Amino acid sequence: MSLLTVEGLSIRNSSGAALVSDVSFAVAPGDRTGLIGESGSGKSLSALASVGLLPPGLTATGSVRLDGVDMIGAPERRRTGVRGRVASVVFQEPLTALDPLMTAGRQIAGPLRRFQGLKGEALRTAVRVALEEVRLTDTERIGKAYPHQLSGGQRQRVAIAMALACRPRLLIADEPTTALDVTVQAEILDLLDRLVDTHGTALLFITHDLPVVAKVARGAHVMRMGRIVESGPIIDLIARPSDPYTQTLVESARRFDAALGGAEGDSSGS
């Protein structure tokens, strides 16, 4: 049985223009699925619809069921009940996703207090453990710091700690490494890979980068212009892409790898 089932999802703006058209996919418990496509392909909107967080002015039709809850038609109270408890989201830019007026520790404590009823010393211990789990060792300083006082990598680790603190069954990661430099990006991908494996968390990973999704997902759906154009195991999408757009993504990744290899060779020989 799928944890998340999306069937015939379509999203339109206030003028009636279609941004997403007839998208269907499913994420089973413990699965790792990618949504990949260029900017404007509809991948992030599809993910936001999965947790009932579409921006104002957009209308969704079709069926989106998260742990049995209708995320399109159910009252907001019911949808709120599954966010944080069943599914959590890590966004692309933690500086805007995190509350600038609240310390990192208080932001992690929020879902722990709400969904697990923790308080006092038990709450403080859980916050410390959550920070340590994302490999932030200076937990006292970071817990008292505001987002602007942390580096980009530290902010994203705090966002991941907050998302996973209550052990949701599904983590939606919406381009979580795009705003980071290459070294920190690799660290965050390794961190996500380890954490979802350790806790058996299902992962829906959204990205425009095929090599990135290949590091953390087992299968992927390729989106273009609001539609899924190809789906399958990552290894098949890379080795035998059938859609012309997927073929373009694979070729671009190979050219980038070749250029990077050449640059490293020039550097090592200088």
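Residues numbered from 1 in each chain as written. Predicted model: local features only at pLDDT ≥ 70, side-chain atom pairs only at ≥ 80, totals over all residues. Heavy atoms only, no water.

Some details on the overall build of the chain
At step 1: Per the secondary structure count, the chain includes 11 helices and 10 strands.
At step 2: Against the compact-globule benchmark of 18 Å for 270 residues, the chain has a radius of gyration of 19 Å, which places it among compact chains.
At step 3: For the chain, with 270 residues in total, the buried portion stands at 46%.
At step 4: Counting only contacts in the chain whose residues sit at least 6 apart along the sequence, the fraction spanning at least 24 positions is 65%.
At step 5: Summed over its atoms, the accessible surface of the chain is roughly 12,900 Å², and 52% of this surface lies on carbon and sulfur atoms.
At step 6: Mean positive and mean negative side-chain charge positions of the chain (30 and 29 charges, respectively) differ by 9 Å. (Helix = DSSP H or I, 4+ residues; strand = E, 2+ residues; numbered from the N terminus. Rg over C-alpha atoms; globule rule 2.2 N^0.38 Å. Buried < 20%, exposed > 50% of the residue type's maximum accessible area, 1.4 Å probe, protein only. Contact = heavy atoms within 4.5 Å. Areas by Shrake-Rupley, 256 points an atom, 1.4 Å probe, with all protein chains shown as cover. Lys, Arg positive; Asp, Glu negative; His and termini not counted. Charge placed at Lys NZ, Arg CZ, Asp CG, Glu CD.)

Considerations on the pattern of salt bridges
In a structure, side chains of opposite charge can pair up when their charged atoms sit close to one another.
At step 1: Applying the stated rule across the entire model yields 13 salt bridges.
At step 2: Through salt bridges with shared partners, a single network forms among Glu76, Arg79 and Arg83. (Salt bridge = Lys/Arg side-chain N within 4 Å of Asp/Glu carboxyl O.)

What about the confidence of the model for the chain?
At step 1: For the chain, the average pLDDT comes to 91, and 94% of its residues sit at 70 or higher.
At step 2: Of all the helices and strands in the chain, helix α11 (residues 244-269) carries the lowest mean pLDDT, 72, while strand β1 (residues 4-12) carries the highest, 98. (pLDDT = per-residue confidence, 0-100.)

A short note on the nonpolar core
At step 1: Membership of the largest hydrophobic core comes to 49 residues, with the highest contact counts inside it found for Ile108, Leu112, Val158, Ile160, Leu171 and Phe205.
At step 2: Setting aside residues no more than four positions away along its own chain, isoleucine 160 makes contact with Val90, Val134, Ile188, Leu191, Leu192 and Leu195.
At step 3: With 29 residues, the next largest nonpolar core counts Leu9, Val23, Val69 and Met71 among its residues. (Core = buried A, V, L, I, M, F, W, Y, C linked by side-chain atoms within 4.5 Å.)

Focus on the sheet that holds strand β8 (residues 202-207)
At step 1: Strands sit in the order β6-β7-β8-β3-β9-β10 across an open sheet of six strands; the sheet is mixed. Because the sheet does not close on itself, it has two edges, and the strands there are β6 (87-90) and β10 (227-233). Pairwise comparison of adjacent strand axes, ignoring direction, gives a mean angle of 15° for this sheet.
At step 2: Bridge count for strand β3 (residues 32-36) against β8 is five bridges, and the pairing is parallel. Each residue of the ladder has a partner; that of arginine 32, found in β8, is leucine 203.
At step 3: Packed onto the sheet, helix α1 (residues 43-50) meets β3, β7 (170-174), β8 and β9 (219-224) and runs at close to 150° relative to β8. (Pairing = 2+ DSSP bridges. Axes fitted to C-alpha atoms, helices over the stretch in contact; angles between N-to-C directions.)

Regarding the sheet that holds β1
At step 1: Strand order in this open sheet of four strands is β2-β1-β4-β5, and the pairing throughout is antiparallel. The two strands at the open ends of the sheet, each matched to only one other strand, are β2 (18-27) and β5 (69-70).
At step 2: In the packing of α1 onto the sheet, contacts are made with β1, β2 and β4 (59-66), and the angle to β1 comes to roughly 120°.

With respect to unusual backbone geometry
At step 1: The phi dihedral of arginine 135 falls on the positive side, at around 65°, and the residue is not glycine.
At step 2: Within the secondary structure, arginine 135 is located in the loop between α5 (120-133) and α6 (139-144).
At step 3: Positive phi outside glycine occurs at arginine 167, with the angle close to 55°.
At step 4: Tracing the backbone shows arginine 167 in the loop between α7 (152-164) and β7.
At step 5: We classify arginine 167 as partly exposed; its relative accessible area is 38%.

Structural notes on the side chain of threonine 177
At step 1: Looking at the secondary structure, you find threonine 177 in the loop between β7 and α8 (182-199).
At step 2: On the basis of relative accessible area, threonine 177 is assigned to the buried category, the value being 4%.
At step 3: Threonine 177 has contacts with Gln185, Ile188, Leu189 and Val212, leaving out every residue within four places of it along the chain.

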